[in-house]
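Chain by chain, the residues run as shown.
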Amino acid sequence: MRLQLDIRCSKHSIPRALVSSGNLSYKIRLASQRVSTRLQPFLRWAGGKRRLVNRLLSHLPEDYLRRRYIEPFIGAGSVYFALQPETAVISDANGHLMSCYEHVRAAPEHVYACLMEHVERNSDHHYYSTRQAYNNDGPSAERAARFIYLNNTCFNGIFRVNTRGQFNVPYGWKASPVFPTLEQLKLASSVMRKAEIKTATFEDSVAIAEPNDFFYLDPPYPPLNGTAYFTHYTADRFGEQDQRRLAESVKEVDRRSAMFLMTNADTPLIRELYSDYSITGISVTRFITCKAHKHRVDEVVITNYPTNARVTT
Ligand SMILES: C[S@@+](CC[C@H](N)C(=O)[O-])C[C@H]1O[C@@H](n2cnc3c(N)ncnc32)[C@H](O)[C@@H]1O
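Residues numbered from 1 in each chain as written. Predicted model: local features only at pLDDT ≥ 70, side-chain atom pairs only at ≥ 80, totals over all residues. Heavy atoms only, no water.

Here we look at the overall build of the protein
No. 1: Assigned secondary structure in the protein consists of 11 helices and 10 strands.
No. 2: Nonlocal contacts in the protein, meaning residues at least 24 apart in sequence, comprise 69% of its contacts between residues at least 6 apart.
No. 3: Taken as a whole, the protein presents about 14,800 Å² of accessible surface, with 51% of it coming from carbon and sulfur. (Helix = DSSP H or I, 4+ residues; strand = E, 2+ residues; numbered from the N terminus. Contact = heavy atoms within 4.5 Å. Areas by Shrake-Rupley, 256 points an atom, 1.4 Å probe, with all protein chains shown as cover.)

Observations regarding the site of the ligand
No. 1: The ligand sits among 24 residues. The nearest are Trp45, Ala76, Ser78, Asp92 and Asp218.
No. 2: Between the ligand and Trp45 there is a distance of 2.8 Å, counted from an oxygen atom to a side-chain nitrogen or oxygen.
No. 3: Protein chains shield 92% of the accessible area of the ligand, which is 610 Å² for the free molecule.
No. 4: A per-class count over the shell around the ligand returns 13 nonpolar, seven polar and four charged. (Near = heavy atom within 4 Å. Polar contact = N/O pair within 3.5 Å; in protein donor to acceptor, adjacent residues only side chain to side chain. Nonpolar A, V, L, I, M, F, W, Y, C, P; charged D, E, K, R; others polar.)

Section: the side chain of Arg146
No. 1: Structurally, the position occupied by Arg146 is in helix α6 (residues 141-153).
No. 2: Setting aside residues up to four positions removed in sequence, Arg146 forms contacts with His118, Thr130, Ala133, Tyr134 and Asp137.

Considering unusual backbone geometry
Among all residues save glycine, negative phi is the norm, and among peptide bonds the norm is trans.
No. 1: Located in the positive-phi region is Trp173, a residue other than glycine, with phi close to 55°.
No. 2: Summarising the element assignment, Trp173 is placed in the loop between α6 and α7 (182-192).
No. 3: One non-glycine residue, Ser257, lies in positive phi territory at about 65°.

Describing α7
No. 1: Taken as a whole, α7 has its buried residues at Gln184, Leu185, Ala188, Ser189, Val191 and Met192. Along α7, the residues classed as buried sweep out an arc of 165° about the axis, all on the same side.
No. 2: Where α7 is buried, its residues meet α2 (78-83), β5 (88-92), α3 (95-106), α4 (108-120) and β6 (195-199). (Buried < 20%, exposed > 50% of the residue type's maximum accessible area, 1.4 Å probe, protein only. Arc of directions from axis to C-beta.)

Some words on the environment of Gly172
No. 1: Relative to the helices and strands, Gly172 resides in the loop between α6 and α7.
No. 2: Contacts of Gly172, omitting those with residues within four sequence positions, involve Thr153, Cys154 and Phe155.

Comments concerning the side chain of Arg44
No. 1: Relative to the assigned elements, Arg44 resides in the loop between β3 (24-29) and α1 (53-57).
No. 2: Summary of buried charges: Arg44 has no salt-bridge partner, and the nearest side chain of opposite charge, Asp124, is 15 Å away.
No. 3: When sequence neighbours within four positions are dropped, the list of residues in contact with Arg44 reads Asn151, Asn152, Thr153, Cys154, Asn156, Gly157 and Lys174. (Lys, Arg positive; Asp, Glu negative; His and termini not counted. Salt bridge = Lys/Arg side-chain N within 4 Å of Asp/Glu carboxyl O.)

Examining helix α5 (residues 124-136)
No. 1: Spanning 13 residues, α5 covers 19 Å between terminal C-alpha atoms, matching the ideal 18 Å at 1.5 Å per step.
No. 2: For α5, every residue scored as buried is listed here: His126, Tyr127, Thr130, Arg131, Tyr134 and Asn135. Within α5, the buried residues cover an arc of 165° as seen down the axis, which keeps them to one side. Exposed residues on α5 whose side chains face more than 90 degrees from its buried face are His125, Gln132 and Asn136.
No. 3: On its buried face, α5 is in contact with α3, α4 and α6. (Expected span 1.5 Å × (residues − 1).)

Remarks on the packing of aromatic side chains
No. 1: On inspection of all chains with the given rule, the structure shows 21 aromatic pairs.
No. 2: A centroid spacing of 6.0 Å and a plane angle of 25° characterise the contact between Trp45 and Phe159, whose relative ring orientation is stacked. In this pair, Trp45 sits in the loop between β3 and α1 while Phe159 sits in the loop between α6 and α7, placing the two residues 114 residues apart along the sequence.
No. 3: Between Arg143 and the ring centre of Tyr134, over which it is positioned, the NZ or CZ distance is 3.9 Å. (Phe/Tyr/Trp six-rings, centres within 6.5 Å; stacked < 30°, edge-to-face > 60°. Lys NZ or Arg CZ within 6 Å of the ring centre and 35° of its normal.)

Some details on the nonpolar core
No. 1: Counting residues in hydrophobic clusters, the biggest one holds 59 residues, and the most contacted among them are Phe42, Tyr80, Phe81, Tyr101, Met192 and Phe214.
No. 2: Residue assignment places this core across two domains, with domain 1 (39-93 + 200-303) and domain 2 (94-190) each supplying three or more.
No. 3: Sequence-distant contacts of Met192, defined by excluding residues within four places in its chain, comprise Tyr80, Phe81, Ile90, Tyr101, Val104, Arg105 and Ile197.
No. 4: Judged by nonpolar contacts, the second largest core, of 23 residues, contains Ala209, Met262, Leu269 and Val300. (Core = buried A, V, L, I, M, F, W, Y, C linked by side-chain atoms within 4.5 Å. Domains from an automatic or database assignment.)

Here we look at the packing of α4 against α7
No. 1: Between α4 and α7, the least distance of the axes is 9 Å, while the angle of their chain directions is 150°. Crossing hand, α4 versus α7: right-handed. In this structure, α4 contributes Pro108, Glu109, Val111 and Tyr112 to the contact, and α7 contributes Leu182, Leu185, Lys186 and Ser189. (Axes fitted to C-alpha atoms, helices over the stretch in contact; angles between N-to-C directions. Left-handed = near helix turned anticlockwise from the far one by under 90°.)

Laid out in structure tokens, this is it:
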């Protein structure tokens, strides 16, 4: 068993001790830091940062807990649920996703009870009838449970809709799909009670920037040369022009004296767009769906403040 003790303390990074052993990782915050139970996202999401959270923590500004937390590309919220900020605005352009969050926040027990009915009946037949019901429904706690069930049993956790806006991902045939526990939904609900939840494009979310804000931005990545590592929305809906518009919005965040941290793909375009800021390269292991194996890819952490975080690959 390998035991690693890594203690870091600098002006711009968070002082803490991080002890890791195999797959276990304990985060111990020192006296000035709030101790919180680590909360995993309850959805699967393309480009989710679940496995990157520990490494991103060391890039956060020292005073992030005193700032309003704003995450305009929330997805499954890996970083948000790990940090559990006291004041937050979480948003995404995906209205299905944000509606699910609103209902989990309002009634986690009811959503869980509905979810368990699907879990007990899980099969390809049940999946397709639930998908049809989901597409014919208006927003409700029952529909949020359907969303969570479909998300955890569909092919690769992909979210994709047809031209009529109907969810059309096929059944995933997962041997043992993992579903959220009641405790997980209740904790997620209590965290989100301290947040404003919005369906919004990044432009609208960035427009509220004030000096005391901290933004975490995790946009869909541009495709990397030589790999098919991107999902439908990066290919169809978040191209180079979107990345350029995002860079302009992020500059406005900086002009308003708010702090930001962005994760993005390490490409010449991204490095050019953010050349005025601090850029740290990180190497990340990702599961490449079409090749069905793991692959190392290069990503960047971009901040408008200095970070002394040690880069681990
Ligand atoms: C890489 S994912 C975020 C993953 C998230 N950090 C996590 O850990 O799960 C990018 C998100 O951006 C959203 N998105 C795409 N275009 C957008 C836009 N124009 N404005 C806001 N959100 C957008 C997608 O719906 C998706 O949820």
